[in-house]
Amino acid sequence: MKNLKILLVFTLITTLSCAQKSPRQQADGKIDGVSVAVDYGAPSVKERTVWGGLEKYGKVWRAGANENTTVSFDKDVTIGGEELAAGKYGFFIIPNKSGNWTVIFNTVNDSWGSSKYDESKDALRIDITPEFGDENQEQLFFGIMDDSILFAWEKVKLTIPVTIQ
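Model, not experiment: these values are computed from the prediction.

### With respect to empty space enclosed by the protein
Regions of empty space are outlined by a rolling probe, equal in size to a water molecule, passed over the atoms.
Item 1. For the structure on display, the rule yields one cavity of 30 Å³ or more.
Item 2. Lining the largest cavity are Asn68, Phe92, Asn106, Val108, Ser111, Gly113, Ser114, Lys116, Tyr117 and Asp118.
Item 3. A breakdown of the residues in the lining of the largest cavity according to their chemical character gives three nonpolar, five polar and two charged.

### Side note on the layout of surface pockets
Item 1. The space that makes up the largest pocket amounts to roughly 170 Å³.
Item 2. Around the largest pocket, the lining is made up of 14 residues, and of these Glu135, Gln137, Ala152, Glu154 and Lys157 lie nearest the centre.
Item 3. Secondary-structure elements contributing two or more residues to the lining of the largest pocket are strand E9 (131-144) and strand E10 (148-164).
Item 4. Among the elements that take part in the lining of the largest pocket, E9 stands out by supplying eight residues, more than any other.

### Examining the nonpolar core
Item 1. Ranked by internal contacts, the top residues of the largest apolar core, which has 36 residues, are Phe73, Ile79, Phe105, Phe142 and Ile149.
Item 2. At seven residues, E10 tops the list of elements feeding residues into this core.
Item 3. Those residues in contact with phenylalanine 105 that lie beyond four places of it in its chain are Val71, Phe73, Ile79, Leu84, Tyr89, Gly90, Phe91, Asp122, Ala123, Leu124 and Ile160.

Rules behind the numbers
Residues numbered from 1 in each chain as written. Predicted model: local features only at pLDDT ≥ 70, side-chain atom pairs only at ≥ 80, totals over all residues. Heavy atoms only, no water. 1 Å grid on protein atoms, 1.4 Å probe; cavity = no way out; pocket = protein on both sides within 12 Å on 5 of 7 lines; lining within 4 Å. Points joined across faces, edges and corners; volume = space filled by probe spheres on them. Nonpolar A, V, L, I, M, F, W, Y, C, P; charged D, E, K, R; others polar. Helix = DSSP H or I, 4+ residues; strand = E, 2+ residues; numbered from the N terminus. Core = buried A, V, L, I, M, F, W, Y, C linked by side-chain atoms within 4.5 Å. Buried < 20%, exposed > 50% of the residue type's maximum accessible area, 1.4 Å probe, protein only. Contact = heavy atoms within 4.5 Å.

Structure follows, in structure tokens:
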């Protein structure tokens, strides 16, 4: 009986220590022959107010949890009509209470959070019109679509258009 109790306690401790609140995710795909990869920490809503609450309006956000979200392209691309060289970028979002949101591809791709974010290192900034829906996307999601990168969390979706140069 004593061994069973020890085993149960060990199992509980192992389960709790291995559970990740915001697991690392990877979205991979091709857009018009360009390999695209998004690496991100995927937090969950957990009944919180995300936009304007957890993530403040008008503030740079790392677009995920823990270490920065990164986006990689193996060839030069055009994002929203603007050229972006092949490479790996730190990815940030500035959510706004109204109007467009700003998505940012920054040359620094190995930071933790956005506290050391430096606008002078931006490779590209574009404004995207957010789509608001009624359905809740509980866990933050990135997807590689036919011609775009999709971001979805809580009741917001951003479709970031990507084409080859």
